[in-house]
Amino acid sequence: MPLMPRTIYMKEWNILALTALIIGLAVIAAAAQTAHAKTVQDLYPLLSDRFIKTATLTALGDDLILKTDTGIVLTQTRMKKNLDQHDPRLKDQLKNNLIFLAEQEILTLILEEEVKKSGMTDGSAVTQEQIAAFLQSKVEDQTVSGKEAKTFYDENKEMVGGMPFDQVEDSIKQFLLENKRQTAVRSHIHDLGNRHQIRIDDTWMGAQYKRMTDNPVDKARLSGKPTMVEFGATGCVPCDMMQPILEKLEKKFPDTLNIVFLHVGENQVLAGRYGVQSIPVQAFFDAKGQEVFRHTGFYPEE
């Protein structure tokens, strides 16, 4: 074979081999990057129970805050427009909780997509009623037994003023059923977060997390000590009854336990973040800041 064609052939082979090597190294690098990709719960432990906990932190740039692999996006422009529509009296609180607001926004967008897929809409804009009906369809199989109601009654007689069980059984069952449904909805929502594979801009997230945790509750959870938080309000009878108990606990465990009282009337957004729907609520967190127990109503010192 003449020398020149063989030389050209060898050069072509070398180029192909080099190209393959470069592609191979790129694939390996991408795989390594994916393996070490950080999620929200990896870097921000106080968000490990949130919808966005499995979201991947990455550089999105420009106007993007969040995006999903299914094509749903959330921009800072949309967030600002959303913020402007809220009660002006809550704007300062919301500005310190934009992660919470962004989470609600991306969840709404995902749920709208799920409603469309389910066939519950005729193609027009999805309504809040349709979203509620869609979520309701996911929890219709929840039930509460008489045994469950009696156990709750025995452990929380003070909540019903000591009334006989047969007079409050139906109310307790309805209360427990609603709690079960809410738990089932939260579970379904977390699954949606995994399925849609959310990505969040890491720079935006870092800045907003710092602002979000600048409050007494989150500071206590980040302190490395167990924490008890009382969500309540002055003038609420069972809340006021709890105050002497909180003061005793502060004196009894001054160095080993955080005791925090949060007035929900002055911190509506923070109370909403923690899912407080009635007061008083006592929430207990371990030394890592993870919630381990919650009680609603007056909680005797014993």
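Residues numbered from 1 in each chain as written. Predicted model: local features only at pLDDT ≥ 70, side-chain atom pairs only at ≥ 80, totals over all residues. Heavy atoms only, no water.

**Here we look at the packing of aromatic side chains**
- For the structure on display, the rule yields 8 aromatic pairs.
- A ring pair is formed by phenylalanine 152 and phenylalanine 175, whose centres lie 5.5 Å apart and whose planes are at 45°; its orientation type is tilted. Of this pair, phenylalanine 152 sits in helix α7 (residues 146-155) while phenylalanine 175 is found in helix α8 (residues 165-196), placing the two residues 23 residues apart along the sequence.
- On the basis of relative accessibility, which here comes to 35%, the residue phenylalanine 175 falls in the partly exposed class.
- The ring of phenylalanine 165 has lysine 150 sitting right over it, with the charged end atom 5.9 Å from the ring centre. (Phe/Tyr/Trp six-rings, centres within 6.5 Å; stacked < 30°, edge-to-face > 60°. Helix = DSSP H or I, 4+ residues; strand = E, 2+ residues; numbered from the N terminus. Buried < 20%, exposed > 50% of the residue type's maximum accessible area, 1.4 Å probe, protein only. Lys NZ or Arg CZ within 6 Å of the ring centre and 35° of its normal.)

**Regarding the state of the cysteines**
- Within the structure shown, the criterion is met by 1 disulfide.
- With a sulfur-sulfur separation of 2.4 Å, cysteine 236 is cross-linked through a disulfide to cysteine 239. Between cysteine 236 and cysteine 239, the S-S dihedral sits near 70°, and the bridge is therefore right-handed. For the pair shown, cysteine 236 and cysteine 239 are each scored as buried. (Disulfide = S-S within 2.5 Å.)

**Describing the pattern of salt bridges**
- Per the stated rule, a full pass over the model turns up 16 salt bridges.
- A salt bridge links glutamate 103 to arginine 50, with the shortest nitrogen-to-oxygen separation between them at 2.6 Å. Of this pair, glutamate 103 sits in helix α5 (residues 98-118) while arginine 50 sits in the loop between α2 (40-43) and β1 (56-58), and the two are 53 residues apart along the sequence.
- Where aspartate 214 meets lysine 219, a salt bridge forms, and the shortest distance between an N and an O atom there is 3.0 Å.
- Using a relative accessible area of 54% as the deciding quantity, one classes aspartate 214 as exposed.
- Members of the salt-bridge network, linked through shared partners, are Lys80, Asp84 and Lys91. (Salt bridge = Lys/Arg side-chain N within 4 Å of Asp/Glu carboxyl O.)

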